[in-house]
Amino acid sequence: MSGPAAPRARTLIEALPWLERFQGRTVVVKFGGNAMVNEELKAAFAQDVVSLRYAGLRPVVVHGGGPQISAMLEQLALEVRFAAGLRVTTPAVMDVVRMVLAGQVQRDIVGLINRHGAFAVGMTGEDARTLSAVRRPALVDGAEVDIGLVGEIVHVDPDTVRGLLERGRIPVISPIARGADDDNVYNINADLAAAALAEALDAEKLVMLTDVAGLYADWPHSTEIIDRLTAGELAELLPSMAGGMVPKMEGCLRAVRSGVRMAHVLDGRVPHALVLEVFADEHTGTTVVPDDPPAEEHLFHRTGGGST
Ligand SMILES: Nc1ncnc2c1ncn2[C@@H]1O[C@H](COP(=O)(O)OP(=O)(O)O)[C@@H](O)[C@H]1O
Ligand SMILES: CC(=O)N[C@@H](CCC(=O)OP(=O)(O)O)C(=O)O
């Protein structure tokens with residue numbers, strides 16, 4: 001190919017195998033609070049999600065908002081405390097979590113997506129009992145520590161989300177659950193909520209957008225990224241991980257072990273990281289695959305494009 005339009009044509013043609021492969025498939029995208037660093041990035045993310053929808057995929061957005069919750073707690077002079085990467089959630093903190101996630105962060109994302117058409121519908125895991133959870137203590141140095149209203153998802157009812165997808169909508173889901181056996185409302189880590197939804201929706205892909213370039217092999221000493229690993233390799237590494245990467249990689253592992261074909265951790269600070277991941281030959285960040293990926297997956301491994 002030559003001439004001034006050649007690079008653009010090549011980009012479009014390169015996307016063809018991916019467009020074919022992903023038609024009608026569900027992709028769960030976790031948009032981390034740390035990746036929402038400015039308005040331009042948030043707007044680019046919304047454009048990407050709408051592009052996936054127009055290309056025939058079924059995107060589902062699960063959003064975080066940890067830094068936004070912490071900022072509001074500080075404004076209200078309430079304590080910001082984490083144990084093993086999970087927020088210590090008193091009833092007063094839970095009110096703020098619900099207010100910030102469902103009333104602020106989710107509304108922002110819905111608004112940005114709907115600039116492009118009547119697509120986004122916001123909901124929390126409480127709606128139609130989509131997510132049900134039980135109280136989850138944190139494990140600190142091998143001991144269980146009570147961290148209040150933090151939940152572990154024990155049941156996902158994907159019916160409402162499926163209904164929205166069938167009508168061409170883009171669900172935008174806040175990581176809040178109803179108690180499975182009480183009337184509490186639980187705070188759920190957004191990575192784990194995204195993984196549970198990906199599993200229940202039988203998603204093709206789980207994509208986590210965060211504020212680092214992927215999983216660093218020797219964090220925080222080096223910035224060398226692990227570009228690809230199998231579920232078994234990840235399970236071996238998990239006990240040595242720390243901080244926000246723990247729920248993220250736990251979520252990726254859970255997803256690929258329960259039928260999701262690939263999970264990715266990408267740098268959400270790169271504009272349009274999402275479309276670049278789904279439609280391009282070049283993958284960035286970290287990709288987790290099942291131990292025994294289906295045969296056709298090899299066609300799309302890094303060399304990509306389905307033509308190799
Ligand atoms: N091995 C690792 N590789 C990359 N980041 C790591 C690693 N271990 C811990 N982290 C931390 O995890 C953070 C990402 O998780 P988190 O702050 O929860 O983001 P998000 O809001 O996107 O969920 C990184 O900014 C980094 O500080
Ligand atoms: C239990 C727990 O820790 N919940 C998280 C929910 C938001 C979240 O996970 O947001 P990020 O993805 O931006 O970190 C919290 O309260 O911060």
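Residues numbered from 1 in each chain as written. Chains lettered and ligands numbered in written order. Predicted model: local features only at pLDDT ≥ 70, side-chain atom pairs only at ≥ 80, totals over all residues. Heavy atoms only, no water.

Convention followed: UniProt positions are given in the numbering used here, feature names are shortened, and annotations may be inferred rather than shown by experiment.
Going by what an unreviewed UniProt entry lists, the chain is known as Acetylglutamate kinase and is assigned to Streptomyces virginiae. Here the chain is described in UniProt, under the heading Subcellular location (unreviewed entry), as follows: "Cytoplasm". Within the UniProt record for the chain, the comment given under Catalytic activity (unreviewed entry) is "N-acetyl-L-glutamate + ATP = N-acetyl-L-glutamyl 5-phosphate + ADP".

1. A closer look at the overall build of the chain
Where we set the bar: Where helices and strands are cited, they refer to DSSP runs of H or I of at least four residues and of E of at least two residues respectively, numbered from the N terminus. Only C-alpha atoms enter the radius of gyration; for comparison, a globular chain is expected to reach 2.2 Å times N to the power 0.38, where N is the number of residues. Residue burial considers only the protein chains on display, and all accessible areas are found by Shrake-Rupley using a 1.4 Å probe. Residues scored as charged are limited to Lys and Arg (positive) and Asp and Glu (negative), so that His and the chain ends carry no count. To locate a charge, take atom NZ for lysine, CZ for arginine, CG for aspartate or CD for glutamate.
On a plain count of helices and strands, the chain comes out with nine helices and 16 strands. In summary, the chain has a C-alpha radius of gyration of 19 Å against a globular reference of 19 Å for 308 residues, a match within 12%. Principal-axis analysis of the C-alpha atoms places the extent of the chain at approximately 60 × 45 × 35 Å. Of the roughly 13800 Å² of accessible surface on the chain, 51% is carried by carbon and sulfur atoms. A distance of 6 Å separates the average location of the 28 positive side-chain charges in the chain from that of its 40 negative side-chain charges.

2. A look at the packing of helix α3 (residues 66-75) against helix α4 (residues 91-113)
Short version of the rule: The axes used here are C-alpha line fits, helices contributing only the stretch in contact, and every angle between their N-to-C directions lies in the interval 0 to 180 degrees. Geometric relationships in this document are graded by angle, where less than 35 degrees denotes roughly parallel, more than 145 denotes roughly antiparallel, 65 to 115 denotes roughly perpendicular, and other angles denote oblique. A crossing counts as left-handed when the near helix is turned anticlockwise from the far one by less than a right angle, and as right-handed when that turn is clockwise. In what follows, a contact means two residues having at least one pair of non-hydrogen atoms within 4.5 Å. Charged residues are taken to be Asp, Glu, Lys and Arg, nonpolar residues to be Ala, Val, Leu, Ile, Met, Phe, Trp, Tyr, Cys and Pro, and polar residues to be all remaining types, Gly included.
Two elements in contact, α3 and α4, have axes separated by 9 Å at closest approach and are oriented at 125°. Taken together, the axes of α3 and α4 are oblique relative to one another. Considering the relative orientation of α3 and α4, their crossing is right-handed. For the pair formed by α3 and α4, the contact residues are Gln68, Ile69, Met72 and Leu73 on the first element and Val93, Val96, Val97, Met99, Val100, Leu101, Gln104 and Val105 on the second. Across the contact of α3 with α4, the residue classes tally to ten nonpolar, two polar and no charged.

3. Things to note about the site of ligand 2
The cut-off we apply is this: Near, as used in this document, describes a residue that has one of its heavy atoms within 4 Å of the molecule or strand being considered. Side-chain atoms alone can form a polar contact between residues adjacent in sequence; in general such a contact is a pair of N or O atoms within 3.5 Å, and within protein one must be able to donate a hydrogen while the other accepts it. Cavity and pocket criteria rest on a 1 Å grid covering protein atoms alone: a 1.4 Å probe that fits but cannot get out defines a cavity, protein on both sides within 12 Å along at least 5 of 7 lines defines an open pocket, and an atom within 4 Å of a point defines a lining residue. Occupancy of a cavity or pocket is assigned to a molecule whenever over half of its atoms lie within 2 Å of that pocket's grid points.
Looking at ligand 2, there are 15 residues lining it, with Lys30, Gly33, Arg87, Asn187 and Ala190 nearest. Between ligand 2 and Lys30 there is a distance of 2.6 Å, counted from an oxygen atom to a side-chain nitrogen or oxygen. Burial of ligand 2 by the surrounding chains reaches 92%, relative to a free accessible area of 430 Å². Here ligand 2 occupies the largest pocket. Broken down by secondary-structure element, the contributors of at least two residues to the shell around ligand 2 are α3 and β4 (86-87).

4. Side note on the UniProt feature "domain: Aspartate/glutamate/uridylate kinase" (unreviewed entry) in the chain
Taking the UniProt record as the reference, the feature "domain: Aspartate/glutamate/uridylate kinase" (unreviewed entry) is found at residues 26-266. The distance separating the terminal C-alpha atoms of residues 26-266 is 18 Å; by composition the span is 37% helix and 27% strand.

5. Brief notes about the sheet that holds strand β5 (residues 120-124)
Our working definition: By this definition, two strands are paired if DSSP reports at least two bridges between them.
Sheet architecture is open: eight strands sit in the order β5-β10-β2-β1-β13-β15-β16-β14, paired in mixed fashion. Two strands in the sheet have a free side with no partner beyond their single neighbour: β5 and β14 (228-230). Averaged over neighbouring strand pairs, the angle between their axes works out to 20° when direction is ignored. Pairing of strand β13 (residues 205-210) with strand β15 (residues 262-267), which is carried by six bridges, proceeds in the parallel orientation.

6. Focus: helix α8 (residues 245-257)
Going by this rule: Every helix has an expected span of 1.5 Å times one less than the residues it contains. Residue exposure (1.4 Å probe, protein chains only): buried if accessible area is under 20% of the type maximum, exposed if over 50%, otherwise partly exposed.
Across its 13 residues, α8 extends 18 Å between first and last C-alpha, which sits within 8% of the 18 Å expected from 1.5 Å per residue. Inspection of α8 places Met245, Pro247, Lys248, Met249, Gly251, Cys252, Leu253, Ala255 and Val256 among the buried residues, and these make up the whole buried set. Residues of α8 that are buried in the fold lie against β1 (26-31), α6 (190-200), β13, α7 (231-237), β15 and β16 (286-289).

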